[in-house]
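Chain by chain, the residues:
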Amino acid sequence: MKNIKEFNLDDLKQELEALGEKKYRAEQIFKWIYVDKVKEFDEMTNLSLELRTKLKQNYTMCNFNILKKQESTDGTKKYLFDVLDGNAIETVLMQYHHGKTICVSSQIGCKMGCKFCASTGIKFIRSLTAGEIVEQILAVEQDIGDKISNVVFMGIGEPFDNYENVMKAIKIINNQKGLNIGARHISISTSGLVPMIYKFADEELQCTLSISLHATNDEKRSKMMPVNNKYNIKELMEACKYYIQKTNKRISFEYALAKDNNDNLEDAKELVKLLKGMLCHVNLIPINKIENGNYSKSSNENIIKFRDYLNDNGIVATIRRELGSDIDAACGQLRRKNLKSNK
Ligand code: SF4
């Protein structure tokens, strides 16, 4: 059976027509799902019994079950969802002064193998469907009884390795008659799949693009991120420049500082050279120590020096607030622990 959350409003209209129903029914269903947040077709009380029966015969609501939920003292919540096929995914809710931000997963596992990531070692199983991406937001909104204001694709998976489904999910998330989260409040983070950066630039969406950079030369970056062997820094920078020229939007470069690896002044100097003149912002991330990981957290002193050097040399840089560090903040950790305890 098809998941009803796979459809954007236009596609749902076509589905309803194919069932011999009027198109406006699609808007009613969309409202029940994304505004009223019902979990069952039978709760859609302005639909006839006959239509509700047809819906039940043809579609599922794909409601995720919460397998585990952890809450940090700073309000961050980590969810482990059962995606109804025996697999589990992780979603994180963060509270910022400007609203609630959800970090969604785009795949079950990840192929990219970044060395600092807790998902490394969790084998890639499959990409999530658009409906499964959207369901993460709905399930969290249902759980907290409140609205999410920002979505970041920074959970498990490489969103650009699941490009079509992520674009489809964005359309549903963005629809004013649905979840109604503006494109400017949606951010996609890629490890650097160059061809997809060009493709994304051509979509001319208002979403924010983040690039996981983490190192300033190919030798160091390839050690941290195997994707760099395929698309090196030069190719990555050319794609970023194309994106900026095409969209006139600022790129956010993510830079996870790891002690004695990429956190000294030489690295900061190279970073300035690399990004000089680009419409961008650098987001410095104090790396979280992961089990069996080779990287450990940079000292606060180094992090501040690094940021100040960038700012003093014309590159806007901020340090990301560490949220949820008491509940395994690095992506993949909650899932990995749970899998271990289930063994
Ligand atoms: S950091 Fe992101 S892209 Fe890299 S392995 Fe982890 S989930 Fe995949």
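Cut-offs applied
Going along each chain's sequence as written, the residues are numbered from 1 onward. Only residues with pLDDT of 70 or above have their local features reported here, since the model is predicted, and side-chain atom pairs are shown and tallied only from 80 upward, although totals for entire chains, interfaces and linings are computed over all residues. A helix here means a DSSP run of H or I that spans at least four residues, while a strand means a run of E at least two residues long, and both kinds are numbered starting from the N terminus. As a reference, a globule follows 2.2 Å times the number of residues to the power 0.38, and the radius of gyration itself is taken over C-alpha atoms. Exposure classification rests on a simple neighbour count of other C-beta atoms within 10 Å of a residue's own: a residue reaching 20 or more is buried, one at 12 or fewer is exposed, and one in between is partly exposed. C-beta atoms are placed from the backbone. Here, residue contact means that the backbone-derived C-beta atoms of the two residues sit within 7 Å. The criterion for a residue being near a molecule or strand is a backbone-placed C-beta atom within 6 Å of that molecule or strand. Three classes are used, and their members are as follows: Ala, Val, Leu, Ile, Met, Phe, Trp, Tyr, Cys and Pro are nonpolar, Asp, Glu, Lys and Arg are charged, and the others, Gly among them, are polar. Only when DSSP finds a minimum of two bridges between them are two strands counted as paired. Every angle, taken between N-to-C directions, lies between 0 and 180 degrees, and every axis is a line fitted to C-alpha atoms, over only the stretch in contact when it is a helix. Boundaries between domains were set according to an automatic or database domain assignment. Linking buried Ala, Val, Leu, Ile, Met, Phe, Trp, Tyr and Cys residues through C-beta atoms within 7 Å yields a set, and such a set is a nonpolar core. A crossover gets the label right-handed when its path from the first strand over the helix to the second runs clockwise, viewed with the strands pointing away from the viewer. With respect to orientation, any angle under 35 degrees is reported as roughly parallel, any angle over 145 as roughly antiparallel, any angle of 65 to 115 as roughly perpendicular, and every other angle as oblique. Less than a right angle of anticlockwise turn of the near helix away from the far helix marks a crossing as left-handed, whereas a clockwise turn marks it as right-handed. pLDDT: the predictor's confidence for each residue, scored from 0 to 100. An arc is given here, and it is the one of the directions from the helix axis to the C-beta atoms.

Caption draft 1: Main features of the overall build of the protein. Of the regular secondary structure elements, the protein holds 12 helices and 14 strands. Relative to a compact globule of 343 residues, whose C-alpha radius of gyration would be 20 Å, the protein shows 21 Å and is just as compact. If you line up the protein on its principal axes, its C-alpha atoms span 70 × 45 × 35 Å. Residue burial in the protein is summarised as follows: out of 343 residues, 44% are buried. For the protein, the share of sequence-separated contacts (at least 6 apart) that also reach a separation of at least 24 residues comes to 66%.

Caption draft 2: Representation of the site of the ligand within the structure. Around the ligand, a shell composed of 12 residues is seen, among which Cys-110, Met-112, Cys-114, Cys-117 and Ser-191 lie nearest. A breakdown of the residues in the shell around the ligand according to their chemical character gives 6 nonpolar, 5 polar and 1 charged.

Caption draft 3: Quick look at the sheet that holds strand β10 (residues 186–190). Taken together, 10 strands build an open sheet; the order of strands is β3-β4-β5-β6-β9-β10-β11-β12-β13-β14 and the sheet is mixed. Only two strands of the sheet have a single partner each, and these edge strands are β3 (65–71) and β14 (317–319). Put simply, the sheet's adjacent strands are angled 20° from each other on average, direction ignored. In this sheet, strand β6 (residues 99–103) lies alongside strand β5 (residues 88–96) in antiparallel orientation, the contact comprising 5 bridges. Bridged to Tyr-96 within β6 is Gly-99.

Caption draft 4: Just the domain arrangement of the protein, in detail. When cut into domains, the protein gives domain 1 (2–60) and domain 2 (65–342). Centre-to-centre separation of domain 1 and domain 2, based on C-alpha positions: 33 Å. Between domain 1 and domain 2, the contact holds 10 residues from the first and 15 residues from the second. Per element, the largest residue contribution to the side of domain 1 that touches domain 2 is 4 residues, and it comes from helix α2 (residues 24–34). Of the residues contributing to the side of domain 1 that touches domain 2, the split by class is 3 nonpolar, 2 polar and 5 charged.

Caption draft 5: Summary view of the environment of Ala-268. Tracing the backbone shows Ala-268 in helix α10 (residues 265–275). On a C-alpha basis, the gap between Ala-268 and Asp-308 in space is 9.6 Å, while along the polypeptide they are 40 residues apart. Not counting chain neighbours up to four residues away, the residues in contact with Ala-268 comprise Phe-306, Tyr-309 and Leu-310.

Caption draft 6: View of the nonpolar core. Residues Ile-137 and Ile-173 are the most contacted members of the largest nonpolar core, which totals 88 residues. The element contributing the most residues to this core is helix α4 (residues 130–144), with 7 residues. Three or more residues apiece are contributed to this core by two domains, here domain 1 (2–60) and domain 2 (65–342). Apart from the residues within four sequence positions on either side, Ile-173 is in contact with Val-134, Ile-137, Val-151, Leu-179, Ile-181 and Ile-186.

Caption draft 7: Representation of the pairing of strand β12 (residues 251–257) in the model. With 5 of 7 residues buried, β12 is to be regarded as a mostly interior element. Here strand β11 (residues 208–212) pairs with β12 via 4 bridges, running parallel. Paired with Ile-211 across the bridge in β12 is Phe-253. Taken together, the 7 bridges between β12 and strand β13 (residues 280–286) define a ladder with parallel strand orientation. When the bridges of β13 are listed, Glu-254 appears paired with Asn-283. Read as a crossover between parallel neighbours, the route from β12 over α10 to β13 is right-handed.

Caption draft 8: Broad picture of the packing of α10 against helix α11 (residues 300–312). One way to put it is that α10 packs onto α11 with a least axis distance of 10 Å and a crossing angle of 30°. Regarding the angle of α10 to α11, the classification is roughly parallel. Seen from above, α10 lies across α11 with right-handed handedness. From α10, Leu-265, Ala-268, Leu-271 and Val-272 reach across to α11, where they touch Phe-306, Tyr-309 and Leu-310. Tallied by class, the residues present in the contact of α10 with α11 amount to 7 nonpolar, no polar and no charged.

Caption draft 9: Broad picture of the confidence of the model for the protein. Chain-level statistics for the protein give a pLDDT mean of 91 and a share of 91% at 70 or above. Here residues 332–343 is modelled with pLDDT under 50, and outside its nearest four sequence neighbours on either side it reaches 23 contacts, counting other chains as well.

Caption draft 10: Representation of helix α1 (residues 9–18). Here α1 has its buried residues at Leu-12, Lys-13, Glu-15 and Leu-16. Looking down the long axis of α1, one finds its buried residues gathered within 160° of arc, a one-sided arrangement. Facing away from the buried surface of α1 by more than 90 degrees, the exposed residues are Asp-10, Gln-14 and Ala-18. Contacts from the buried residues of α1 go to α2. Phi turns positive, to about 80°, at Gly-20, one or two residues after α1.

Caption draft 11: Fine view of the packing of α4 against helix α5 (residues 163–174). At a minimum axis separation of 8 Å, α4 and α5 run at an interaxial angle of 45°. The orientation of α4 relative to α5 falls into the category oblique. Where α4 crosses over α5, the handedness of that crossing is right-handed. Counting all contacts with α4, which are made through Ala-130, Ile-133, Val-134 and Ile-137, the residues of α5 involved are Asn-165, Val-166, Lys-168, Ala-169, Ile-172 and Ile-173. In terms of residue class, the contact of α4 with α5 is built from 8 nonpolar, 1 polar and 1 charged.

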